[in-house]
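Notes for the structure review
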Amino acid sequence: MSRSGILRRLLDILRPLYWVMAISIIARILNLLAGAALLAIGVYAVARAALAEPLALETVAVTLVMLALFKGTVRYIEQYTGHYVAFHLLAQLRYQFYSALEPQAPAGLQRLRSGDAVSRVIADIDRIEPFYAHTIAPFFAAIITPLALLLVLGLYHITLVLGLLPFLLLIGVVAPWIAYRASRSPAAKTRIIAGELSALLTDSFQGVREVLAFNYGERRRALLRAAGERLRNAQNELVRAGAIQNGVIEAFIAGGVLTLLAISAWLVRSDALAVSDVPVVVALGWMAFQPLLGVSGVINDFNGAMASAERLFTLMDQPPVVREPAHPRPFPVNQPLHLRFEHVSFCYPQESEEKSVQPALDNVTFEIPFGRSIAIVGRSGAGKSTLLALLLRFWDPTAGRITLNGIDIRELSLTALRDHIAVVSQNAHVFNTSIRENIRLGNPSAPEQEIIAAARTARLHDFVMTLPHGYDTPVGELGNRFSGGQRQRLALARALLKHAPILVLDEATANLDPETEHAIQDALRETAEERTTIIIAHRLSAVRMADEILVLDNGRLVERGAHDDLLMRNGAYAHLFAQQRDVWEDLHQERVGV
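Residues numbered from 1 in each chain as written. Predicted model: local features only at pLDDT ≥ 70, side-chain atom pairs only at ≥ 80, totals over all residues. Heavy atoms only, no water.

1. Side note on the overall build of the protein chain
Within the protein chain one finds 19 helices and ten strands. Evaluated residue by residue, the protein chain yields a buried proportion of 46% over its 594 residues. Residue pairs in contact within the protein chain that sit at least 24 positions apart in sequence constitute 78% of those at least 6 positions apart. Counting every atom, the protein chain has about 30300 Å² of accessible surface; 59% of that belongs to carbon and sulfur. (Helix = DSSP H or I, 4+ residues; strand = E, 2+ residues; numbered from the N terminus. Buried < 20%, exposed > 50% of the residue type's maximum accessible area, 1.4 Å probe, protein only. Contact = heavy atoms within 4.5 Å. Areas by Shrake-Rupley, 256 points an atom, 1.4 Å probe, with all protein chains shown as cover.)

2. Digging into the sheet that holds strand β2 (residues 361-368)
Ordered by their spatial adjacency, four strands build an open sheet running β2-β1-β4-β5, and the pairing between neighbours is antiparallel. Two strands bound the open sheet, and with one partner strand each, they are β2 and β5 (407-408). In this sheet, strand β4 (residues 399-404) lies alongside strand β1 (residues 339-346) in antiparallel orientation, the contact comprising five bridges. By the bridge assignment for β4, Phe341 is matched with Ile402. Strand contacts of helix α11 (residues 384-391): β1, β2 and β4, with the helix running at about 115 degrees to β1, the strand carrying the most contacts. (Pairing = 2+ DSSP bridges. Axes fitted to C-alpha atoms, helices over the stretch in contact; angles between N-to-C directions.)

3. Some thoughts on the sheet that holds strand β3 (residues 373-378)
The strand order β6-β7-β8-β3-β9-β10 describes an open sheet built from six strands, whose pairing is mixed. The sheet is open, and its two borders are formed by β6 (421-425) and β10 (556-561), each paired with just one other strand. When strand polarity is set aside, the average angle formed by the axes of neighbouring strands in this sheet is 15 degrees. Docked against the sheet, helix α16 (residues 484-497) engages β6 and β7 (502-506), running at close to 175 degrees with respect to β6.

4. A word on helix α14 (residues 448-457)
Buried within α14 we find Ile451, Ala454 and Ala455. Across the axial projection of α14, the buried residues extend over an arc of 100 degrees, all falling on one side. Arg459 sits one or two positions beyond α14 and adopts a positive phi of about 60 degrees. (Arc of directions from axis to C-beta.)

5. Some words on the pairing of β3
The buried count for β3 comes to six of six residues, which makes it a mostly enclosed element. Sheet topology places β3 next to strand β8 (residues 532-536); four bridges connect them, and they run parallel. The partner of Ile374 across the bridge, within β8, is Ile534. Here β3 pairs with strand β9 (residues 548-553) via five bridges, running parallel. From the neighbouring strand, Ile376 faces β9, where its bridge partner is Leu550.

6. Here we look at the nonpolar core
Core analysis: the largest hydrophobic core is formed by 40 residues, its most contacted members being Ile435, Ile439, Leu505, Val543 and Ile549. A total of seven residues in this core trace back to one element, the largest contributor, which is α16. Filtering out sequence-adjacent residues up to four positions away, Ile549 remains in contact with Ala375, Val377, Val543, Glu559, Arg560, Gly561, Ala562, His563, Leu566 and Tyr573. (Core = buried A, V, L, I, M, F, W, Y, C linked by side-chain atoms within 4.5 Å.)

7. Examining the confidence of the model for the protein chain
Residues of the protein chain with pLDDT of at least 70 account for 88%, and the chain-wide mean is 82. Throughout residues 583-594 the model reports pLDDT below 50, and contacts reaching past four residues in sequence, or to other chains, amount to zero contacts. (pLDDT = per-residue confidence, 0-100.)

8. What about the packing of aromatic side chains?
Evaluation of the coordinates by the stated rule reveals eight aromatic pairs. Here the aromatic rings of Tyr80 and Tyr84 are separated by 6.3 Å at their centres, their planes lie at 25 degrees, and the arrangement is stacked. Highlighted residues: Tyr80 and Tyr84, both in helix α3 (residues 57-101), separated by four residues, approximately one helical turn. Residue classification places Tyr84 among the partly exposed positions, given a relative accessible area of 38%. (Phe/Tyr/Trp six-rings, centres within 6.5 Å; stacked < 30°, edge-to-face > 60°.)

9. Quick look at unusual backbone geometry
The backbone of Arg393 sits at a positive phi, close to 60 degrees, despite the residue not being glycine. A positive phi angle, near 60 degrees, is found at Arg459, a position not held by glycine. Structurally, Arg459 is set in the loop between α14 and α15 (461-465).

10. Overview of the environment of Leu93
Of note, Leu93 is situated in helix α3. Judged by relative accessible area, Leu93 falls into the buried class, the value being 1%. As for Leu93 and Leu10, which are separated by 83 residues in sequence, their C-alpha atoms are 9.7 Å apart. When near neighbours in sequence (up to four residues on either side) are disregarded, Leu93 contacts Ile13, Ile125, Ile128, Leu312 and Phe313.

11. Considerations on the environment of Leu89
By the element assignment, Leu89 lies in helix α3. As for Leu89 and Glu129, which are separated by 40 residues in sequence, their C-alpha atoms are 8.7 Å apart. Contact partners of Leu89, with chain neighbours within four places excluded, come to Ile13, Leu14, Leu17 and Tyr132.

Okay, structure coming up:
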């Protein structure tokens, strides 16, 4: 994305608040002109007094006080309006960023580390603040204010204008352009490395138990230290460019002031300028440089804002893996949902070209009438979770289609589709809020009685009642205050509260003890006719009571039938069952031996 394209896009975001920014620009210009007038009148009064020339001190004093009050007022207006625009637009940009990322998840964000995403949505967006608050108004003020002061100097003598103008151009155009070019690459590098460091820190915090358990602390600290060194080096490049720019600008300002003094002395000798006007001329020349310093001082911030905006827009502009239909068909509400997979095949996108890619699913066909319980089993990598990802439209099939009551789910609204499916996964996310709010995620408007009923079915209620704060108990970040089994039961309660006609249990009882697992299965069986249940599991104890069992192997549907029938066939399912039975028998013998 080009810099001009990024700039146009940032200005387009500003469009609804153009009038507020205009007020900020006008206030900044008036503030600078008032400052120039204060200084000019002040030095003029001092010069007249030093030369014993007549002066109306009362008038001068009143004028200076009024100018000071006016300057303070417009300064306040400038600061308030500039930051109002900046903070309003940053909040809007954060919302747009998340709204753009949501349709890409999870398929489109697999390569994005969560720490880098957090860095973009917080640090990168904050880096855009100087663009709105400290760049736009100073830019316009740096054009208008020096021109106004040059006009005033021209009233004294045109030579003063011609002497000062080259230095203004050097400071206002040449120096910023050189600084912009010099800091552009370091600014981009700084934002990228900062995102990498944020991702590394996030990984370290989330994996701190493993770091300690494997005594990986020193090596992890070495990685963080190396990333910090890379960030420091990039920041040093940025600071170096800014320091050189400031040194050059100071030299140009000194040259400009000395030039004005020399011209003024020549004009005084030529009787073209009064002695008392010399301080005024120098003061006006000095103040003409101040708006330009405001622009030159934010070059590094401007480059940082452009680099951050590029990181944001690059991610936001990625096309989603699945798209909403332009004209979605009405969802078949108030009728039993008949789910069907028709010759579904799927291959995950490859990062590099390969001669042959093993499909995750290959020509899979089955159907599930409403109210039936279907189990899907198979070895790791057989394609079980891929079926769920396609049903939820995290991906779309490479070939074939999935239908609900004969309607291809790609023709349905994503929101409507996912509203009718509840999912409990082995690693279900638990939010850092109360137990009640985590369960209520399934149905935000659910009354307390329904929340408790869902928790009872998930065998969570009795545990919650042992806690001092009950359902108001915070679960901690990633649910770290609870065990894996407790988090899984909370996720199950959340799914049950949704009252969705399709319930998917993806290794949902993997972290539960056998007694709790059987109790939950019995509770689900009591209401099985109210929904379609899809059970994805490795533990075959979780699928024995399903109406039908589908066996996947290398992405293909190799067997289907009831538990007893599949055992009699002595095929893939019987082999899986025998392996798990042997494992359990070995464990039982070991316990007996102990």
